[in-house]
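Take a look at the letters that make up each chain.
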Amino acid sequence: MLIIDGKKVSLDLKNELQTSVESCKALTGKVPGLAVIIVGQDPASQVYVRNKAKTCKEIGMFSTAIEMPADTTQEHLLDTIAKLNSDPLIHGILVQQPLPKHIDEFAVTLAIDPAKDVDGFHPENLGRLVMGHLDKCFVSCTPYGILELLGRYNIDTKGKHCVVVGRSNIVGKPMANLMLQKLPTTNCTVTICHSATKDIPFYTRQADILIAAIGQAKFITADMVKPGAVVIDVGINRIDDPSTKSGTRLVGDVDFEGVSTVASAMTPVPGGVGPMTIAMLLKNTLHSFQRQNGL
Ligand code: GUN
C-alpha cells in the first residue's frame, strides 16, 4: 500500500513557491501579500490561521492576520474586507470559517473581490471552476491540493469512478466538479454521496478513487472500500486517546488501519491532505499576484 505523503509534497511545493516569490520580487520589487481574517476564538481556527501566516513568512510572502472579537458586527467585517480589496499590498484575502452565527457567511463571501478570493469560495470563482476555466479562477485550496497529490503520484484517473462523500461548498462540491473536468488528473465518472444518501457503502464499494470529506472520525471502514482503490482522507477529527500526553489524537474520516489492508494508496491523517491545503493557498496567492502584475 502506497502512502501518499502530503507533508513531503507540501515541502517540495513550498520550496518551489519560495523560488517563484524571489523571482516576483526581482521582476517587480514587490512580493505577494495575504490577509487572513479570524473572527472569535475557535482554537482550531486559531491554529490554522497562525500556520498560514507562519508559512507565508517562511517563503518570503507578506502576510497579515487580522483577529476580531466574536461580537464583531457584520458591518465592521465587511468594511475591513472593503479596505483589503483596495489595498495594493494585499493579493489574497481569506476569512476563516466557520464565522459566528450572527454573521451571514454568504454575504462575507460575496464581499471579497473575486480577483483576491484565494479561497475560491466566491460564486464567480466556483462558477468558472464548474465551467472548466481553471486557468481563470481560484480553485479552493483543499480540492486543489488533492489534484496536486493525484498528479504528483501519477494516479491514473481517466475514466475511473470517483466517489466523493460529502457535499460541502468548501470541499465536496468543488472536488466533485473538478474530478468531472477533462484534465490529466481528473476526467472521472463522479458520484456524490451525502447525509441523505441511502446505502453509502453500495456507492463507496464501486469507487476506484474514494474521497472522504464527511467530518466523522473513521466513517469509512475496510468493508466499504473496493480492493485496490485510491483513498483520499480529507477529515481532521480530534478523538479521545488516553494513551497520548494530551489525551486526544487527530484521525481522519477513514479508518486508516483497516482500510490500509484493502486500498492500493492512501493519504494519512495527519500528513496527507492537511499540509497541502496551506501550500495551495500560497500558490493561489502567488497566482493572484502574477495576474495583478501581468506576469
Ligand atoms: N475553514 C476550514 N477550511 C477552510 C478554508 O479552506 N478556508 C477558510 N476560509 N476557512 C476554512
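Residues numbered from 1 in each chain as written. Predicted model: local features only at pLDDT ≥ 70, side-chain atom pairs only at ≥ 80, totals over all residues. Heavy atoms only, no water.

## Quick word on the site of the ligand
Then step 1. Around the ligand, a shell composed of L94, V95, Q96, Q97, D119 and F121 is seen.
Then step 2. Within the backbone of V95, a nitrogen or oxygen atom sits 2.9 Å from a nitrogen atom of the ligand.
Then step 3. The side chain of Q96 places a nitrogen or oxygen atom 3.2 Å from a nitrogen atom of the ligand.
Then step 4. In the complex, the protein chains occlude 81% of the 280 Å² of accessible area that the ligand would expose alone.
Then step 5. Grouping the constituent residues of the shell around the ligand by class yields three nonpolar, two polar and one charged. (Near = heavy atom within 4 Å. Polar contact = N/O pair within 3.5 Å; in protein donor to acceptor, adjacent residues only side chain to side chain. Areas by Shrake-Rupley, 256 points an atom, 1.4 Å probe, with all protein chains shown as cover. Nonpolar A, V, L, I, M, F, W, Y, C, P; charged D, E, K, R; others polar.)

## Thoughts on the pairing of strand β3 (residues 62–68)
Then step 1. Sheet topology places strand β2 (residues 33–39) next to β3; seven bridges connect them, and they run parallel. Bridge pairing in β3 links A35 to T64.
Then step 2. Taking the sense of rotation as the criterion, the β-α-β connection linking β2, helix α2 (residues 43–58) and β3 turns out right-handed. (Pairing = 2+ DSSP bridges. Helix = DSSP H or I, 4+ residues; strand = E, 2+ residues; numbered from the N terminus. Right-handed = clockwise from strand over helix to strand, strands pointing away.)

## With respect to the sheet that holds strand β8 (residues 230–233)
Then step 1. With parallel pairing, the six strands of this open sheet are ordered in space as β1-β11-β8-β7-β5-β6. One side of each edge strand has no neighbouring strand; the edge strands of this open sheet are β1 (2–3) and β6 (189–193).
Then step 2. Of the pairings in the sheet, the one linking strand β5 (residues 161–165) to β6 comprises five bridges and is parallel in character. Residue C162 lies in a different strand from β6, and its bridge partner there is V190.

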